[in-house]
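Now for the letters of each chain:
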Amino acid sequence: MPTFIVLVWLVMSLAFGWGGNGKPYSLRFGFICGSGIALVFLATGYVHRYAGFALLFALLSLGIKTKFFERRWR
């Protein structure tokens, strides 16, 4: 389980950090999104699946409320 979570964190950090063709690579955005997803997997695997769902919902609502995603995908 820990190896899987580290691999998910690494792949998601690289995937979300890559902006696409012609867009700059954002290390900070990739790290934040990858860490959030890894944290959700940790909560789901080690606490309870409802704790993982609640954490996922909380992180998404925080990102929407602070307009974190809108600044990246303009």
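Nothing here was measured: the structure is a model prediction, and the numbers come from that model.

### A look at the overall build of the chain
- For the chain, the helix and strand inventory stands at four helices and zero strands.
- Secondary structure elements of the chain, listed N to C terminal, follow the sequence α-α-α-α.
- Residues counted as buried form 24% of the 74 residues belonging to the chain.
- If you sum the accessible surface of the chain, you get close to 5600 Å²; carbon and sulfur atoms cover 74% of it.

### Considerations on unusual backbone geometry
- Of note, the phi angle at Lys 67 is positive, near 60°, even though the residue is not glycine.
- Within the element layout of this structure, Lys 67 appears in the loop between α3 (49–65) and α4 (68–72).

### Topic: the confidence of the model for the chain
- Of all residues in the chain, 89% have pLDDT values of 70 or greater, and the mean over the chain is 86.
- Across the chain, α3 holds the top mean pLDDT of 92, while α4 sits lowest at 74.

### Observations concerning the packing of helix α2 (residues 27–46) against α3
- Where α2 contacts α3, the axes come no closer than 7 Å and their chain directions differ by 155°. Judged on the interaxial angle alone, α3 and α2 are roughly antiparallel. Taken as a pair, α2 and α3 cross one another with a handedness that is right-handed. Two secondary-structure elements touch here, α2 through Gly 36, Leu 39, Val 40, Ala 43 and Thr 44 and α3 through Arg 49, Ala 51, Gly 52, Leu 55, Leu 56 and Leu 59.
- Counted by class, the contact of α2 with α3 contains seven nonpolar, three polar and one charged residues.

About the cut-offs
- Residues numbered from 1 in each chain as written.
- Predicted model: local features only at pLDDT ≥ 70, side-chain atom pairs only at ≥ 80, totals over all residues.
- Heavy atoms only, no water.
- Helix = DSSP H or I, 4+ residues; strand = E, 2+ residues; numbered from the N terminus.
- Buried < 20%, exposed > 50% of the residue type's maximum accessible area, 1.4 Å probe, protein only.
- Areas by Shrake-Rupley, 256 points an atom, 1.4 Å probe, with all protein chains shown as cover.
- pLDDT = per-residue confidence, 0-100.
- Axes fitted to C-alpha atoms, helices over the stretch in contact; angles between N-to-C directions.
- Parallel < 35°, antiparallel > 145°, perpendicular 65-115°, else oblique.
- Left-handed = near helix turned anticlockwise from the far one by under 90°.
- Contact = heavy atoms within 4.5 Å.
- Nonpolar A, V, L, I, M, F, W, Y, C, P; charged D, E, K, R; others polar.

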